[in-house]
Protein chains: 2
Amino acid sequence: MTTTATNRQVILKERPVGIPQARHFEIVERPVPQLAPGTVRVRNIFLSVEPAMRGWVNAVGNYSEPVAIGAVMRSFAAGVVQASNVAHLPVGTWVTGMFGWQDHAVVLPEEIGRIVEERDLPLSLSLGVLGINGAAAHYGLTRIGRPNPGETVVVSTAAGAVGSCVGQIARILGCRAVGITGGEAKRRLCLDTFHFDEAVDYKAPDFEEALARVCAGGVDVYFDNTAGPISDAVLKRLNRGARVVVCGTASIANWDPPPLGPRVERHLLVKRASMQGFVIFDHKECEQEAFQQIASWLREGKLCHVEEILDGIEHAPDAIAGLYRGENLGKRLIQIGDITST
Amino acid sequence: MTTTATNRQVILKERPVGIPQARHFEIVERPVPQLAPGTVRVRNIFLSVEPAMRGWVNAVGNYSEPVAIGAVMRSFAAGVVQASNVAHLPVGTWVTGMFGWQDHAVVLPEEIGRIVEERDLPLSLSLGVLGINGAAAHYGLTRIGRPNPGETVVVSTAAGAVGSCVGQIARILGCRAVGITGGEAKRRLCLDTFHFDEAVDYKAPDFEEALARVCAGGVDVYFDNTAGPISDAVLKRLNRGARVVVCGTASIANWDPPPLGPRVERHLLVKRASMQGFVIFDHKECEQEAFQQIASWLREGKLCHVEEILDGIEHAPDAIAGLYRGENLGKRLIQIGDITST
């Protein structure tokens, strides 16, 4: 592993309105933090980049306090315990948690999100299919979407970390999976790698017609990662009793004030349909079941994942904006160390 | 009972766009229909007037086929069996069903919605608190809203047949009931007769401030009978885990195309909230429990009802438009006969 004499940190420099851009961050070098009693020092190997991080830096009401100006950017990271004052977290333990966009984090045991037990699988997966992306896909689909075999499950951002997992779990559960994604490369990824039954490109001029064609029998579950016009098109095709799982709103740059869209009440009433939002952090108790199932599916080759690993912390400041530009293929990570030399 | 030599019928003359007005109907006189084998003839005493009847005459996709031009206006009615070829439905039985806006209906036993057993209570109630209004209030609140004691339940069209029942059941269940209604007379009705904890007038210039004041602790259940700007104001105040019950859309005159409103996805996500539509006709199996409870509450004086009874079938053509003008106080009915002389 690259040893760093200092602790490089990505700091929030100013508060963005809407999507955070590279200019809102700066990289600083600080001393490596000292181990205190009862803590461990984690050497981060992978930093996560999530659409949700947009919300973490915005001042508008959200599910967590906004990151303070001058603070290390909040983020999931996966790393290795490098120094320890905690008996059950010896040096070498693989861990994930909200360690932030930095090389090193000194944390209390209760700040460890998870000890990664699946050491036969790459550590990076613990930020994707074996992290909140997989947990969100599994929880949202199975607990809120509750699909029955033979039903049609539509998911937006289908080539992304959550969406690709939703589509594959839907198929494992015996459903027909329809992915919505942007551009032909991602559409091919959905069909060829993630094996969706159908995939449509929302950027194509015939998007609505294509969606109608592949959802001729209607939509039973819609796993919504985008909101906006993509969702408006899906909502028109709901079947009676349909469930809409509201997991993300990636297509809306700014919610202050909320943008206008076609009212949904009549769809919900006439179709006896439901829309329900969830935040995966509320459902820690469901993680273990989700990760056990997903790890099995990964080992059996039933579930594929795609990662896009940016090399070096200097890619962090622009990484969220890049997600919203739709430039990533699969789960976006930043690698800032090398696990083999830990 | 007034005996009519002929059968007066209110016919749909032309198809309205939006709210049906008096000019869309005409009253005709036809012969009293003959009793056929296996049928009963019902003398209608009360005809119902529901907001939902707007949808039944519109061509836009809905939960039932639109009423044909030239056909009797579809409606609930309560009446008395006047002639019978069916053993278990003797002359004198009180019944409700989709008998239409007319004096007489010859129907098969399976077309009888319900035999009214509560003969100690007025027959008219079987079209209101002991009919679909009460059933919708009970089902929507208890099965979808699922309020816990101490929670705040907000209901729109609070002085109406469904809304007033929702507010009173919420209080019986130990909740705080907040009603939204139009005008000071209806606001007083909510407070003085239906004993809501708070009531606000959506027509008042300070509606949003008043709502904020009476919902300072947020909204746990919103029973939505209106959609539109009233609902937009309530959705801003949802508590975490709130349930929005979509029962009606009275404030929207035309859904073709759906009007624009602030997008709801972010509220649902950040508040981990749900919105769910229902149509009470799907839940016949829950009626008996609802009516037994409501009848008990009525007899114990725990639940009040207010009716506005229009006298004579000539009031029918304008009666739906009047509902949407907000001119009724309580459940609107049309009386076209007299039960005592049956």
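Everything numeric here is computed off the predicted structure, so don't read it as measured data. (Residues numbered from 1 in each chain as written. Chains lettered and ligands numbered in written order. Predicted model: local features only at pLDDT ≥ 70, side-chain atom pairs only at ≥ 80, totals over all residues.)

All names here are of chain B. Where helix H2 (residues 132-145) meets helix H3 (residues 161-172), the closest approach of the two axes is 8 Å, and the angle between their N-to-C directions is 45°. For the element pair H2 / H3, the angle class is oblique. The handedness of the crossing between H2 and H3 is right-handed. Residue-level inspection shows Asn133, Gly134, Ala136, Ala137, His138 and Leu141 of H2 in contact with H3, the latter providing Ala161, Val162, Cys165, Val166, Ile169 and Ala170. For the contact of H2 with H3, a count of residues per class yields nine nonpolar, three polar and no charged. (Axes fitted to C-alpha atoms, helices over the stretch in contact; angles between N-to-C directions. Helix = DSSP H or I, 4+ residues; strand = E, 2+ residues; numbered from the N terminus. Parallel < 35°, antiparallel > 145°, perpendicular 65-115°, else oblique. Left-handed = near helix turned anticlockwise from the far one by under 90°. Contact = placed C-beta atoms within 7 Å. Nonpolar A, V, L, I, M, F, W, Y, C, P; charged D, E, K, R; others polar.)

Once that is clear, we can look at the interface of chain B and chain A. Contacts between the two partners involve 30 residues from chain B and, on the opposite side, 31 residues from chain A. Elements with a minimum of two residues in the side of chain B that touches chain A: strand E13 (260-262), helix H7 (265-270) and strand E14 (274-277) of chain B. Examining the composition of the side of chain B that touches chain A, we find that five residues originate from one element, H7 of chain B, more than from any other. For the side of chain B that touches chain A, a count of residues per class yields 16 nonpolar, seven polar and seven charged.

Okay, the relation of the copies chain B and chain A next. Least-squares fitting of chain B to chain A yields an RMSD of 0.0 Å, with the transformation described by 0.0 Å of translation along the axis and a rotation of 180°. What we have between these two chains is a two-fold relation. Looking at chain B, 100% of its interface residues are interface residues in chain A too, so the copies touch through the same face. (Least-squares fit on C-alpha atoms with pLDDT ≥ 70 in both.)

All names here are of chain A. Taken domain by domain, chain A comprises domain 1 (6-128 + 306-341) and domain 2 (132-281). Between the C-alpha centres of domain 1 and domain 2 there is a distance of 28 Å. Across the boundary between the two partners, domain 1 contributes 14 residues, which contact 18 residues of domain 2. (Domains from an automatic or database assignment.)

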